[in-house]
Every structure is written in C-alpha cells, then in structure tokens.
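Read off the chains here:
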Amino acid sequence: MKSARAKPPGSARKPPNRPRGNNMVSKDPVQVYCRLKPMQHPADVSCMKLISDTTVVITPPESAMNFRNSSNKEIQTTFSRVFSPDATQKEIFNIVALPLVENVIRGRNSLLFTYGVTGSGKTYTMTGETQDAGIMPRCLDVLFNSIANYQTKKFIFKPDKLNGFDIQGEADAMLDRQNELHAGLMLQRNGKSGKVRKVESDSESNPMIVRDINESQTVQVDQDNVYAVFVTYVEIYNNSVYDLLEDEDIRNKVLQSKIVREDGNKNMYVHAVTEIEVKSSEEAFEVFQRGQRRRRVAHTALNAESSRSHSVFTIRLVQAPLDGEGEQIIQDKRVVCITQLSLVDLAGSERTNRTKNTGQRLREAGNINNSLMTLRSCLEILRENQLQGTNKIVPYRDSKLTHLFKNYFDGEGQVRMIVCVNPRTDDYDETIQVMKFAEMTQEVQVAKPTITKIDLGFTPGRRQANKLFKEACSKLQKEGHPEAEDLEVDVGLVYSLGGPFPELEITSPRNDQIINNLMHFLEQRINKRNLLRTDLQQKQNDLRKKIMAMEQEYMNLKIENASLKAANSQQKKKVSALEGHLCKTEEQIDSLLRKLNNANDTIRSLQQELKDRNMALNQRLIDKQRVKQKYNTKMQLETDKMNKELEIKLRQQREHLQNQMKEKEDKLRLVKQILVDDNVPSVSKDCVVPTINCAEATPKTTEGRSRRDKAGVANPRYRRSQSADKWIDHRPGALVPVGTVLQPLMRRRRSVTRLTDPKEITDGASRYCLIAQEHDTDGELETKLFKGDIIPTSGGGAQVVFNDMECLKQLSPKARKRSGPQDTENEIGSSRHSSTLAESHSKRPRVVN
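Throughout, a residue's number is its position along its own chain's written sequence, starting from 1. Residues qualify for local features only when their pLDDT is at least 70, as the model is predicted, and side-chain atom pairs are given and counted only at 80 or more; totals for whole chains, interfaces and linings, by contrast, use all residues. Water and hydrogen atoms play no part in the side-chain values, which are based on all heavy atoms of the structure.

By the naming in an unreviewed UniProt entry, the chain is Kinesin-like protein KIF23 isoform X1, taken from Bombus impatiens. UniProt positions are given in the numbering used here, feature names are shortened, and annotations may be inferred rather than shown by experiment. The annotation that UniProt attaches to the chain under Sequence similarities (unreviewed entry) is "Belongs to the TRAFAC class myosin-kinesin ATPase superfamily. Kinesin family." We quote the UniProt Subcellular location (unreviewed entry) comment for the chain here in full: "Cytoplasm, Cytoskeleton, Spindle".

Put into structure tokens, the structure is as follows:
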C-alpha cells in the first residue's frame with residue numbers, strides 16, 4: 001500500500017525548543033495535594049479540620065512546643081486539592097496520577113512525590129495493599145490498557161547504557177529472546193531449594209497487590225506508533241544510590257552504589273542501572289515486588305515497617321513511528337521518543353526524641369533528614385530566583401535525591417507532590433513543618449513540558465488503513481481472485497487531513513501573527529476538505545460500478561453453484577457406496593492378516609523348537625565323542641607308560657642279577673681258593689663272627705640265596721638232626737624293623753644282641769643266623785640274613801660255617817609328578833606291580849654252591 005505523503009526520515013523536522021530563561025516560556029507551579037490519614041484509635045484527637053476541597057485548618061494543641069508564643073491559634077493552608085480521610089485510592093489516582101500517565105503517552109516527562117512524616121501513609125498511597133491498589137499499580141494498568149494493541153515484540157528496543165535506546169532488527173531481537181528463554185530455563189533447572197524458600201518467605205511478607213480486573217481505563221494513543229515499556233527501581237540510602245533490580249545471583253551480597261550522570265540531552269540518570277522490558281502490568285508489578293523485597297525497612301517506635309530510604313520507581317515509555325506503509329518501524333534512532341514517569345516514595349521525616357533511634361537507625365534518620373532538608377533548600381532558592389530575579393546557585397549536588405531530579409526543576413517536566421498527613425495532635429510539631437514546606441513548594445514554577453516527537457510528515461491512520469487493505473486483499477484471494485495479491489491502492493487522500501492546530505496562546509494584545517496563521521491554516525483545511533469531497537464522490541461512483549459488476553457476477557456464480565451442488569450430491573452417493581464396500585474389504589483383509597500372523601507365529605515357534613532339539617542332539621554327540629576320545633587317549637597313555645616302566649624294571653633286574661652273579665662268582669672263586677689251600681685256619685673259641693657287608697643293588701626285589709659248601713673243618717663226620725636244630729638269632733641293637741612277611745623260619749631260637757662268650761654258641765645250639773642292614777647303591781634299605789651251621793671243633797670249641805644268605809629289600813614306588821587322574825592311576829598300578837614282584841622274589845631263595 002502506498003502513501004501519498006510519505007517522506008524519508010532524513011526530512012524529519014522537530015519543533016524548536018523554547019529558549020530557557022526567556023519570559024516567553026510558559027511555566028506551571030508545582031501542584032501539591034494533601035491527603036489526611038484516618039484516625040487509627042478512637043481515643044486519638046485530631047488537630048485538623050477540612051473546610052473545603054482545597055483548604056484545611058490546623059489548630060495547635062496545648063502540648064505543642066510553641067503553643068504559648070503563637071499569636072494565631074489556627075493555621076490555614078491551601079493546596080491544589082485536599083483529600084479527606086475517606087477518600088478512595090481510585091479517586092486520588094484519577095485526580096493526581098492519571099494526567100501524568102497521559103503526559104507520558106503524549107511525550108512529556110512527569111514526576112510524583114509522596115512526602116510526610118513517618119507513619120503518615122506515603123507507601124500505602126503509592127503502592128497500596130491487598131485488594132486496594134495504590135497509584136503505581138493503577139498507572140501500570142492504564143498504561144498497558146492503552147498500548148495493548150500497539151506494543152512491539154521484546155528486544156526491538158534495547159538500552160544503550162547511556163540513557164537512550166537502539167532499534168534492533170527482527171533477527172537480533174529474536175536471538176535475544178531465545179537467549180533470555182534459555183537463561184530462564186537454566187536458572188529454573190539449577191535453582192536451589194534455599195533460594196526458593198527465601199522467595200516464598202519474602203512473598204508472604206510482601207503479598208501481591210490484587211487489582212480490580214474490571215477497570216479498563218485507557219488513554220488515547222497514536223495508532224501509527226509502536227510502544228515498549230521499561231522499568232527501573234532504585235533506592236537512595238545514606239545518600240548513595242542502589243539498584244534494587246540487580247541480578248538475583250548477587251542478592252545475598254552487598255549492593256554496589258551507582259553513579260548519577262548527565263546524558264547528551266542534559267537529563268540526569270543512574271549509570272548502569274538495570275532496565276527491564278515488561279509486556280504487562282502484572283509483569284511490571286512482579287518486577288516491582290522483586291525490588292521491594294530488597295528495599296531497606298526497619299522497625300521504629302512510630303512505624304513497624306519504616307522506610308529507611310527514598311525509593312524511585314521509574315516507568316519509561318519508548319515509542320517510534322511506523323513507516324509510510326504502516327508496517328515496519330523506522331530504523332532511525334533520531335525518531336525514537338523516550339518519556340518517563342518517576343514515582344518517588346520519600347522516607348519519612350522524623351525526630352529522634354520520638355523514634356528513640358540509636359546506632360544504625362539514628363544514622364539512617366540523620367541522612368533522611370539531611371536529604372529532605374537539601375530538597376527544601378533547593379526549592380527555596382529556586383523560588384527566590386524565580387520571584388526576585390536573582391541568580392543564586394541551586395545546591396542540587398548536595399544530595400543524590402535532588403541531583404537525580406535536577407532536570408525536572410531546572411528544565412521541563414510536570415511535577416506533583418502528595419503530602420500525607422496524620423491529623424493526630426501527637427504529630428502536630430512534625431506535621432506543621434511538612435505543611436510549611438508544602439506551601440512553599442507550590443510557589444515554585446516549573447516549565448511546561450513540550451512534545452519532543454518528530455513529525456515525519458506521514459499520513460495519519462496508515463496502520464489501520466494498511467490493516468483494512470490487507471484484510472480486503474485476503475478476502476478477495478479466498479474468494480478466488482489471485483490478482484488481489486498484487487493490488488495497490490492509494491489511500492493517502494482518505495486519511496490526510498492536515499496537521500494539528502497551531503498554538504493559540506496569545507501573550508501580547510498586538511500579536512496578530514497567531515490570528516493570521518490560524519486563518520491560513522483554516523483556508524488550507526477547507527481546500528483539503530473540498531478536495532477530499534471530490535475524491536470521495538469519484539470513489540463512490542467507481543465503487544457503485546464495481547458493486548453492480550459484482551452483483552452480476554454473483555448471479556452467474558449462484559447458477560453455477562446450483563449445478564455444482566447437484567453434481568456434488570451424486571458424487572457423495574457414489575462415495576458413500578464405495579466407502580461401504582471399502583469397509584467390508586478392510587474387515588476381510590484384517591481377518592486374513594490375523595490368520596496369517598497366527599500361522600507365522602506357529603511356524604516360528606516350531607522352527608525354534610526344532611532348532612533347540614537339533615542343538616541338544618549335536619551337543620550330546622559332541623560330548624560323547626569328546627569322552628570317547630579322552631578315554632582312548634588315557635588308555636593309550638597308561639598302556640605306554642606301563643610298557644615303559646616294565647621295560648625299565650626288566651632292564652634293571654637283568655643288570656642287578658648280572659651284578660649279583662658276578663659278585664657270587666667272585667666269592668665262589670675266593671672260597672674255592674681257600675678250600676684248595678692246605679693252610680685253612682680254624683675257628684677258635686674266641687673267634688669273632690665277621691660281619692659281611694653286601695653292596696648289591698637290587699631295585700624293588702628281595703632275593704635269598706643258599707649254598708652248602710664242603711668245608712674241611714675238624715670233625716667233618718659230625719651229624720645233626722635238623723628237626724632238633726636250635727638257632728642263635730644274632731640281632732645287633734640298631735636294627736630297623738623290616739615289617740614284611742618274608743621272615744626266616746626258626747622254630748627254636750635264642751636271640752642275642754652281642755656275642756661276648758663262646759659258650760653262647762656252643763651251649764646246645766646247632767644253627768647260627770646273623771642279621772645285618774645297610775644301604776644299597778640306590779639308597780634303599782637292605783636287610784641280609786647270614787645263616788650257618790655251628791660245628792664243634794676238636795679242641796673243644798666251635799666254628800660257624802656259613803652256608804646260606806638271604807637278602808630282604810623293601811621298596812616304595814618313586815614319587816612322580818601327577819598331571820591328572822590318569823597319571824595317578826598309572827602310579828597306583830605301578831606300585832601294586834612292584835610290591836607283587838618283590839614278594840614273589842623273596843619267596844624263592846637260591847642256594848649258592
């Protein structure tokens with residue numbers, strides 16, 4: 001949509017500011033309102049009397065400090081309006097604060113104070129309580145009700161940290177919105193229970209103010225602008241400025257004081273203060289409650305929750321015009337209009353002798369009174385300069401409170417004050433000082449605020465015209481007219497009715513220029529009106545023709561629509577029949593699918609069962625084959641081992657027998673040599689039987705050998721009866737028990753351990769047996785039995801002729817390394833074989849000739 005009067009931002013013109021200090025500058029006095037607090041107790045006595053809507057009479061009580069010195073018993077004070085104790089919050093808002101909200105929307109700055117002693121109702125007037133909202137919540141409601149349909153998306157306007165705002169594109173604003181959403185989610189996820197409990201306890205002590213949702217009071221706004229609302233909340237405590245909306249992460253830490261600076265337009269502001277963009281009155285009041293929980297309050301003798309600091313809640317309205325088509329914001333910082341409404345809740349003035357403050361409370365009270373005195377001094381000097389024409393320096397910098405609002409008193413902006421008064425006689429001395437200060441404040445003149453908006457020369461009403469045009473195009477497209485998308489209509493003349501009326505204020509009786517300007521403006525307006533009438537008549541004729549053509553087209557479409565309806569009815573019947581057939585087919589298909597699924601399930605279960613059985617059968621075969629192979633391997637190893645052991649044993653026996661035979665042969669040769677020799681020695685009575693050592697190595701066998709040698713000894717014809725043999729069993733003391741069944745057979749015997757007398761041999765004994773033990777070459781214990789006959793000698797003695805020898809050997813199977821049950825079985829079999837072999841040899845003694 002085109003605009004006939006659209007101009008680029010470069011041609012924007014701003015109305016020239018009036019020079020400051022000129023007598024032609026229009027000024028208004030500071031408007032002061034008085035609100036009387038209701039009496040809290042029936043016993044309280046009032047010292048004030050309301051005689052009209054603007055006048056109140058104060059009667060000093062006898063307890064007053066200067067009661068005797070005062071000549072006039074009654075003091076009469078006049079205000080812009082005096083509110084009685086039964087005045088409602090809504091009434092006070094409509095009279096005092098609603099015009100300030102209108103100023104903010106129109107482009108003018110405004111300031112509102114609440115002033116009074118401690119406990120006079122300042123905070124109640126400004127904030128209110130549950131079910132009875134004060135000035136601040138109502139200001140937010142009216143403001144957001146007025147701009148509800150014309151707000152921008154969040155982060156389109158962004159603070160530039162220099163008391164101004166930048167205009168962002170849609171992409172940057174969307175990125176900031178996403179970052180804010182992500183930060184909020186992370187904060188909720190990482191939130192601690194301790195903080196939650198803290199917030200809950202704070203919310204209990206500061207309940208949310210409930211406002212009447214039926215109040216829909218609004219102020220007319222410029223529909224061709226877009227709006228955004230920002231809020232800040234600071235407190236002035238001990239002459240230092242603190243930000244109450246700083247990040248919640250540092251809420252438990254000490255707040256850092258802020259600096260008051262001057263921007264490029266000579267406006268004072270708090271540097272690096274937190275500005276939060278809000279989109280509804282609920283969100284704005286929630287931000288206020290967050291800062292209110294951090295404000296410093298304390299208990300005093302006059303007030304349970306006394307404010308120990310001045311609080312400043314600022315509502316900043318940012319507005320910018322739309323382009324010529326009424327769609328996009330003009331991306332030019334110069335066209336942005338910033339206005340603000342500052343709501344100041346001053347701390348109560350108080351006397352130490354009444355509050356009984358000490359320590360920190362006393363220091364706070366001193367700073368509060370000093371800042372209020374500085375405010376009073378600034379207003380007095382300012383009034384003196386205005387009334388007497390002097391040029392004294394106003395000490396704004398002596399207090400952060402006056403320094404922050406310097407531009408209101410020294411520049412432009414509407415200032416109003418509500419003096420809250422407790423009419424009790426006990427508070428007379430403080431109240432009379434407040435009344436004097438209020439009367440003096442009304443004499444201060446403040447310049448009227450001027451509109452700072454820039455006139456770009458665009459057509460008024462372009463947003464609504466563009467909206468109607470788009471709705472019409474959309475409707476035409478839905479009706480089947482695609483060419484409506486490219487349709488362009490010039491609606492400039494329809495809404496271009498000229499600018500506002502010029503200034504009509506006459507400051508001089510001879511000033512005819514204003515009348516001439518008004519006449520010229522009216523002539524232009526009449527000419528424009530005639531032009532618009534002509535254009536309207538022409539458009540009416542064109543519209544009538546289009547309507548007639550549309551009616552004809554409508555009749556044709558109606559006939560066509562009737563035929564299409566008949567065809568549509570037949571098609572519906574066919575579709576209904578096909579739907580019935582389709583439903584039956586789908587039911588059959590569902591039944592077949594169920595059967596098919598059941599069959600597939602059965603097949604899968606049978607296949608799984610078959611598979612399990614095959615796996616079990618294969619496992620059995622594998623186990624059987626493994627056992628068989630293991631058994632065969634074990635038998636083969638055992639057989640091989642036994643064969644090797646038998647071979648070793650046979651070889652050892654063969655070698656042992658060969659050694660024995662060789663040794664016996666040597667002994668036989670020696671005996672033969674002795675027998676052949678003619679000089680054979682005889683055995684005397686004192687003979688000692690020699691011990692014959694046997695070093696034969698006989699592995700695992702016990703062998704006995706016997707021999708009868710023919711000895712040429714005295715009395716060779718000696719004969720004896722073997723049945724009457726008596727044995728001498730000579731056993732040395734250090735013998736190891738053999739423990740075998742292969743023992744010598746001696747029925748009649750006499751055992752001796754040592755031969756000391758020949759009579760032990762000749763005393764009725766005919767046989768002799770000597771037992772000796774020694775180790776063979778393999779280290780095995782070997783027991784030898786040397787047997788012989790006892791033959792009497794011719795000298796009356798006896799000799800022993802050895803004719804037999806038995807060798808007893810007891811063997812144990814050698815220890816082997818066991819690698820498994822098969823080796824254990826092999827060792828056991830080998831041991832049994834060795835014992836059997838040894839016993840069999842010991843039972844077959846041999847005779848050595």
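Still to come is the rest of the account.
> I keep staring at the overall build of the chain and nothing clicks. Help me out?
Where helices and strands are cited, they refer to DSSP runs of H or I of at least four residues and of E of at least two residues respectively, numbered from the N terminus. When helices and strands are counted, the chain shows 16 helices and 29 strands. Classification of residues uses two cut-offs on accessible area relative to the type maximum, computed with a 1.4 Å probe and protein chains only: under 20% is buried, over 50% is exposed, and between them is partly exposed. Within the chain, the fraction of its 849 residues that count as buried is 38%. Long-range pairs, those at least 24 residues apart, make up 73% of the contacts in the chain with a sequence separation of at least 6. Note on areas: Shrake-Rupley, 1.4 Å probe, and residue coverage restricted to the protein chains presented here. Here the chain displays about 51,300 Å² of accessible surface, and carbon together with sulfur accounts for 52% of that area. The contact criterion used throughout is that any non-hydrogen atoms of two residues lie within 4.5 Å.

> Teacher, can you tell me more about the UniProt feature "coiled-coil region" (unreviewed entry) in the chain here?
Those residues carrying the UniProt feature "coiled-coil region" (unreviewed entry) are residues 533–616 and 643–674 in this numbering. End-to-end, the C-alpha atoms of residues 643–674 are 46 Å apart, and along that stretch the chain is 100% helix and 0% strand.

> What is the right way to read the pairing of strand 7 (residues 110–115) from this model?
Put simply, side chains in a regular strand alternate between the two faces of the sheet. Burial analysis of strand 7 places six of its six residues in the buried class, the great majority of the element. What you see with strand 7 is no split at all: Ser110, Leu112 and Thr114 on one side and Leu111, Phe113 and Tyr115 on the other are buried throughout. The sheet contact formed by strand 7 and strand 21 (residues 337–345) spans five bridges and is parallel. When the sheet's bridge partners are listed, Leu112 is paired in strand 21 with Leu343. One ladder, built from six bridges, connects strand 7 with strand 22 (residues 414–421); its direction is parallel. Each residue of the ladder has a partner; that of Tyr115, found in strand 22, is Val419. At least two bridges found by DSSP between two strands are what make those strands a pair.

> Looking at this structure, I do not really get helix 6 (residues 281–292). What am I missing?
A turn of α-helix holds 3.6 residues, and therefore any two residues three or four places apart point the same way. To estimate how far a helix should extend, the number of its residues minus one is multiplied by 1.5 Å. An ideal rise of 1.5 Å per residue puts 16 Å on 12 residues; helix 6 measures up with 16 Å between its terminal C-alpha atoms. Buried within helix 6 are the following residues: Ser281, Ala284, Phe285, Val287, Phe288, Gln289, Gly291 and Gln292. Packed against the buried residues of helix 6 are helix 3 (135–146), strand 12 (225–237), strand 17 (276–278) and strand 20 (310–321).

> Mind showing me how you'd approach the sheet that holds strand 4 (residues 55–58) here?
What links the strands of a sheet is backbone hydrogen bonding, and the strands pair in either a parallel or an antiparallel sense. Pairing is antiparallel across the open sheet formed by three strands, whose spatial order is 3-4-5. Edge positions in the sheet fall to strand 3 (48–50) and strand 5 (75–78), since each of these pairs with one other strand and no more. Between one strand and the next, the sheet's axes are offset by a mean angle of 25 degrees, whatever the strand orientation. With four bridges connecting them, strand 4 and strand 5 associate as antiparallel partners. Pairing of Val57 across the sheet is with Gln76, part of strand 5. Set on the sheet, helix 11 (residues 428–441) makes contact with strand 3, strand 4 and strand 5; between it and strand 5 the angle comes to about 45 degrees. To obtain each axis, a line is fitted to C-alpha atoms, and for helices this fit is confined to the stretch in contact; angles are then taken between N-to-C directions over 0 to 180 degrees.

> Any chance you could explain the packing of helix 3 against helix 6 here in plain terms?
The axes of two packed helices give the description: the angle between them and the distance between them. Put simply, helix 3 and helix 6 touch, their axes get as near as 9 Å, and they point 150 degrees apart. Here helix 3 lies roughly antiparallel to helix 6, going by the angle between them. Pair helix 3 / helix 6 crosses with right-handed handedness. Between helix 3, through Met136, Pro137, Leu140, Asp141 and Phe144, and helix 6, the contact on the second element is made entirely by Ser281, Ala284, Phe285 and Phe288. Residues were grouped as follows: Ala, Val, Leu, Ile, Met, Phe, Trp, Tyr, Cys and Pro as nonpolar; Asp, Glu, Lys and Arg as charged; and all remaining residues, including Gly, as polar. Of the residues in the contact of helix 3 with helix 6, the class split is seven nonpolar, one polar and one charged. Angle categories are assigned with fixed cut-offs, so that under 35 degrees is roughly parallel, over 145 is roughly antiparallel, 65 to 115 is roughly perpendicular, and the rest are oblique. Less than a right angle of anticlockwise turn of the near helix away from the far helix marks a crossing as left-handed, whereas a clockwise turn marks it as right-handed.

> In this structure, what is going on with the environment of Leu322? I would like to understand it.
Take Leu322: it is sitting in the loop between strand 20 and strand 21. Judged by its relative accessible area of 2%, Leu322 is buried. In this structure Leu322 touches Asp224, Val226, Glu327, Gln328, Ile329, Ile330, Phe458, Arg462 and Arg463, once residues within four positions along its chain are discounted.

> What should I look at first to understand the nonpolar core in this one?
Most often, soluble globular proteins keep nonpolar side chains buried together rather than apart. Counting 52 residues, the largest nonpolar core has Phe113, Phe405 and Phe409 as its most contacted members. Sequence-distant contacts of Phe409, defined by excluding residues within four places in its chain, comprise Phe113, Leu379, Leu382, Tyr396, Val415 and Val446. By size, the runner-up hydrophobic cluster in this structure holds 47 residues, among which are Ala97, Leu98, Val101 and Val287. In this text, buried Ala, Val, Leu, Ile, Met, Phe, Trp, Tyr and Cys residues form a nonpolar core when linked through side-chain atoms within 4.5 Å.

> Would you mind showing me how to read the packing of aromatic side chains here?
Given two aromatic rings, one states the distance between the centres and the angle between the planes to describe the pair. Pairing of aromatic side chains here covers Phe, Tyr and the six-membered ring of Trp, requires ring centres within 6.5 Å, and sorts the geometry by plane angle: under 30 degrees stacked, over 60 edge-to-face, intermediate tilted. This model, assessed by the stated rule, comprises 10 aromatic pairs. Measuring from centroid to centroid gives 5.5 Å for Phe285 and Phe288, while their planes differ by 35 degrees, and the two rings are tilted. Placement of the pair is Phe285 and Phe288 together in helix 6, with a separation of three residues, close to one helical turn. Taking the relative accessible area as the measure of exposure, Phe285 reaches 0% and is therefore buried. We classify Phe288 as buried; its relative accessible area is 4%. Aromatic rings pair up to connect Tyr233, Phe285, Phe288 and Phe313 into one cluster.

> Looking at this structure, how should I read empty space enclosed by the protein?
Left-over empty space is what a probe sized like a water molecule reveals as it rolls over the atoms. We place a 1 Å grid over just the protein atoms. Points where a 1.4 Å probe fits but has no way out form a cavity, open points with protein on both sides within 12 Å along at least 5 of 7 lines form a pocket, and any residue with an atom within 4 Å of a point lines it. Grid points are joined across faces, edges and corners, and a volume is the space filled by probe spheres set on the points. By the definition in use, this model includes nine cavities of 30 Å³ or more. What lines the largest cavity is a set of 13 residues, and nearest its centre among them are Met126, Tyr233, Phe288, Ser311 and Asp345. Secondary-structure elements contributing two or more residues to the lining of the largest cavity are helix 2 (122–126), helix 6, strand 20 and strand 21. Per element, the largest residue contribution to the lining of the largest cavity is three residues, and it comes from strand 21.

> Sorry if this is basic, but what is going on with the UniProt feature "binding site: ATP" (unreviewed entry) in the chain here?
Within this numbering scheme, the UniProt entry marks Gly116, Val117, Thr118, Gly119, Ser120, Gly121, Lys122 and Thr123 as carrying the feature "binding site: ATP" (unreviewed entry). Lining the largest cavity, from the residues named above, are Thr123. In this fold, Gly116 is placed in the loop between strand 7 and helix 2. For Gly116, a relative accessible area of 0% puts it in the buried group. With respect to the helices, strands and loops of the structure, Gly121 is situated in the loop between strand 7 and helix 2. Since its relative accessible area comes to 18%, Gly121 is described here as buried.

> Sorry if this is basic, but what is going on with the packing of helix 1 (residues 89–106) against helix 3 here?
In the contact formed by helix 1 and helix 3, the axes pass within 9 Å of each other and the chain directions differ by 50 degrees. Judged by the inter-axis angle, helix 1 sits oblique to helix 3. In this structure, helix 1 crosses over helix 3, and the sense of that crossing is right-handed. In contact with Gln89, Lys90, Ile92, Phe93, Ala97, Leu98, Val101 and Ile105 of helix 1, helix 3 contributes Ile135, Arg138, Cys139, Val142, Leu143 and Ser146. Partitioning the contact of helix 1 with helix 3 into residue classes produces 10 nonpolar, two polar and two charged.

> I keep staring at unusual backbone geometry and nothing clicks. Help me out?
The general pattern is negative phi for most residues beyond glycine and trans for most peptide bonds. Positive phi, close to 60 degrees, is recorded for Asn239, a residue that is not glycine. Position of Asn239 relative to the elements: it lies in the loop between strand 12 and strand 13 (240–243). Look at Lys266: it is not a glycine, yet its phi comes out positive at around 65 degrees.

> How do you make sense of helix 1 when you look at a structure like this?
With 18 residues, helix 1 extends 24 Å from end C-alpha to end C-alpha; this agrees with the ideal 26 Å at 1.5 Å per step. Note that bend, as reported per residue, equals the angle between axes fitted to the 7 residues terminating at that residue and the 7 residues originating from it. Along helix 1, the largest kink reaches about 45 degrees and is centred on Ala97; proline Pro99 follows within four residues of it. Of the positions making up helix 1, those classed as buried are Gln89, Ile92, Phe93, Val96, Ala97, Leu98, Leu100, Val101, Asn103, Val104 and Ile105. With its phi angle positive at about 105 degrees, Gly107 sits one or two positions after the end of helix 1.

> In this structure, what is going on with the pattern of salt bridges? I would like to understand it.
Opposite charge on two side chains makes pairing possible when the charged atoms of those side chains draw close. A side-chain nitrogen of Lys or Arg and a carboxyl oxygen of Asp or Glu constitute a salt bridge if their distance falls within 4 Å. The full count for this structure, using the stated rule, is 27 salt bridges. Linking Glu609 and Arg613 is a salt bridge whose minimum nitrogen-to-oxygen distance equals 3.0 Å. With Glu609 and Arg613 both in helix 14 (residues 513–676), this residue pair falls four residues apart, about one helical turn. The exposure class assigned to Glu609 is partly exposed, which follows from its relative accessible area of 38%.

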